[in-house]
Amino acid sequence: KNQWELDKLVTFTRVTKMMTVDEVDGNSRDGAYIIGLSLQGASWDINGTQIEKSKPKEMFCPMPVINVKAVTKEKANIGGIYHCPTYMTEQR
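Description of the structure in this document.

About the criteria used
Residues numbered from 1 in each chain as written. Predicted model: local features only at pLDDT ≥ 70, side-chain atom pairs only at ≥ 80, totals over all residues. Heavy atoms only, no water. Helix = DSSP H or I, 4+ residues; strand = E, 2+ residues; numbered from the N terminus. Buried < 20%, exposed > 50% of the residue type's maximum accessible area, 1.4 Å probe, protein only. Contact = heavy atoms within 4.5 Å. Areas by Shrake-Rupley, 256 points an atom, 1.4 Å probe, with all protein chains shown as cover. Lys, Arg positive; Asp, Glu negative; His and termini not counted. Charge placed at Lys NZ, Arg CZ, Asp CG, Glu CD. Salt bridge = Lys/Arg side-chain N within 4 Å of Asp/Glu carboxyl O. Polar contact = N/O pair within 3.5 Å; in protein donor to acceptor, adjacent residues only side chain to side chain.

## Let's talk about the overall build of the protein
So, point 1. Each helix and strand counted, the protein has 0 helices and 7 strands in total.
So, point 2. Considering only C-alpha atoms, the protein reaches an extent of 45 × 30 × 25 Å along its principal axes.
So, point 3. In the protein, which comprises 92 residues, the proportion classed as buried is 18%.
So, point 4. Within the protein, residue pairs in contact and separated by at least 24 positions form 67% of the contacts whose partners lie at least 6 positions apart.
So, point 5. Total accessible area computed for the protein in this model is approximately 7700 Å², and 53% of it derives from carbon and sulfur atoms.
So, point 6. Of note, the protein has its 12 positive side-chain charges centred 5 Å away from the centre of its 11 negative side-chain charges.

Spelled out as structure tokens, the structure:
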């Protein structure tokens, strides 16, 4: 689609309010939807669209569907964004 060089790209994510695959209408226009991620030691406020303290006795919190797309470094507004590690499993 685009002839962008990989070393000039960054990924940008947008957390949606959709919790299941069934709620997704179709393919993302300019990226890909991912599902199956979870937060450890925190929870996600779906209405406020922000991270909050974990609920008592809740170690993992499922994340909503996330839209991931590539943008050029020049267009990326990365101010105020928290860079967070992502693990493949719940065991580290």
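## Details of the pattern of salt bridges
So, point 1. The full count for this structure, using the stated rule, is 3 salt bridges.
So, point 2. The salt bridge involving Glu-5 is made with Lys-8; its shortest N-O contact spans 3.7 Å.
So, point 3. On the basis of relative accessibility, which here comes to 41%, the residue Lys-8 falls in the partly exposed class.
So, point 4. Note that Lys-55 and Glu-52 form a salt bridge whose closest N and O atoms lie 3.6 Å from each other.

## Concerning the side chain of Ser-28
So, point 1. In this fold, Ser-28 is placed in the loop between strand S1 (9-15) and strand S2 (32-34).
So, point 2. Within the structure, the side chain of Ser-28 is placed 3.3 Å from the backbone nitrogen of Gly-31, a separation counted as a polar contact.
So, point 3. Ser-28 has contacts with Tyr-33 and Asn-67, leaving out every residue within four places of it along the chain.

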